[in-house]
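Remarks on the overall topology
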Amino acid sequence: MTTHDSESTSFLYPFIDSEETDAQSLLDDLAASARGKAAESARLQKASLDEYGDGLTAAGIDMADRFRRGGRLYTFGNGGSSTDAATLASLFSRPARGRPVAAWSLAADQAVVTALGNDVGFDLIFKRQIIAHARDRDVAIALSTSGNSDDLMTALTEAKQRGLLTIGFAGHEGGRMAAMASAGELDFCYTVHSQSIHRIQESHAMLGYRLWSVAQEHMTRPAPNSVEAS
């Protein structure tokens, strides 16, 4: 590990640089660090669910209605959030139980992403796919730990203009995603209030699962405008 790498990660594992010679003491410190991270992750997930419970229920019900009408889900993010987006799309399209729905991660097709990035610019890799595939009954979910990624913002704006249900998962203070939601330019925004990217992404996974759970529950119910046979 270089000196720069050591300095950039020492805040995560301060005991590694403390010149420990007792193996058991080092293991105890590692275990305590892991327990602390797990406790903070659980606390943050609960706080996020408590804060956004009503909003998650409202969005999940709207998603269920759109899926009943043949709507599809598009998820997208950058870096680690792109893998979280892929996992979320897979949860909806290939659930272990319940009803599968059509769902895609827009970062999954390397040929499309690299072609768009090369031909029209990275900021448009998700917007162009929304233009090509989305309909007004569909759902768009963007995941960003900062809430500020240009390619996500342009895609969400396009999706909103086309009548999609738009949902943003953000972190820190919410960034531009939170501002868009406040201005009515984004239907729902769930901001995980943490400075740790790892904890934010863990809470994003829980919030995504909650959306899926609500949507599944309401897809099994009769549609609101259905008329029972007399």
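Residues numbered from 1 in each chain as written. Predicted model: local features only at pLDDT ≥ 70, side-chain atom pairs only at ≥ 80, totals over all residues. Heavy atoms only, no water.

Time to look at helix α6 (residues 150-161). Taking 1.5 Å of rise per residue, the 12 residues of α6 would be expected to cover 16 Å, and the 17 Å separating its terminal C-alpha atoms lies within 8% of that figure. Within α6, the full set of buried residues consists of D151, L152, M153, A155, L156, E158 and A159. Buried residues along α6 sit against β1 (73-77), α5 (127-133), β3 (139-143), β4 (165-171) and α7 (175-182). Positive phi shows up at G163, right after α6, with a value of about 90°. (Helix = DSSP H or I, 4+ residues; strand = E, 2+ residues; numbered from the N terminus. Expected span 1.5 Å × (residues − 1). Buried < 20%, exposed > 50% of the residue type's maximum accessible area, 1.4 Å probe, protein only. Contact = heavy atoms within 4.5 Å.)

Moving on, we get to the packing of aromatic side chains. Counted by the stated rule, this structure contains 7 aromatic pairs. On the basis of an interplanar angle of 35° and a centroid distance of 5.2 Å, the ring pair of F76 and F126 is categorised as tilted. Placement of F76 in strand β1 and of F126 in the loop between α4 (110-119) and α5 is noted, with a sequence separation of 50 residues between them. When its relative accessible area of 0% is taken as the criterion, F76 is described as buried. Members of the aromatic cluster, joined through ring pairs, are Y52, F169, F188 and Y190. (Phe/Tyr/Trp six-rings, centres within 6.5 Å; stacked < 30°, edge-to-face > 60°.)

Glancing now at the environment of T145. Locating T145 in the fold gives a position in the loop between β3 and α6. Along the chain, T145 and F169 lie 24 residues apart, while their C-alpha atoms are 7.6 Å from each other. Excluding anything up to four places from it in sequence, T145 contacts S81, A170, G171, H172, I197, I200, Q201 and H204.

Okay, the packing of α6 against α7 next. It is at 10 Å that the axes of α6 and α7 come closest, and there the two elements cross at 20°. The angle between α6 and α7 falls in the class roughly parallel. As for how α6 packs across α7, the hand of that crossing is right-handed. Counted together, D150, L152, M153, L156 and T157 of α6 and R176, M177 and M180 of α7 form the full contact between these two elements. Among the residues making up the contact of α6 with α7, the classes are represented as 5 nonpolar, 1 polar and 2 charged. (Axes fitted to C-alpha atoms, helices over the stretch in contact; angles between N-to-C directions. Parallel < 35°, antiparallel > 145°, perpendicular 65-115°, else oblique. Left-handed = near helix turned anticlockwise from the far one by under 90°. Nonpolar A, V, L, I, M, F, W, Y, C, P; charged D, E, K, R; others polar.)

Let us look at the nonpolar core. By size, the foremost hydrophobic cluster in this structure holds 29 residues, and its most contacted members are M63, F67, F92, I141, I167, Y190 and L211. Counting residues per element, the ones that place at least two in this core are α2 (23-68), α3 (80-93), β3, β4, β5 (188-192) and α8 (197-219). Examining the composition of this core, we find that 7 residues originate from one element, α2, more than from any other. Membership of the second largest hydrophobic core comes to 22 residues, among which are L106, V113, A140 and A155. (Core = buried A, V, L, I, M, F, W, Y, C linked by side-chain atoms within 4.5 Å.)

Just geometry here; none of it tells us what the structure is for.
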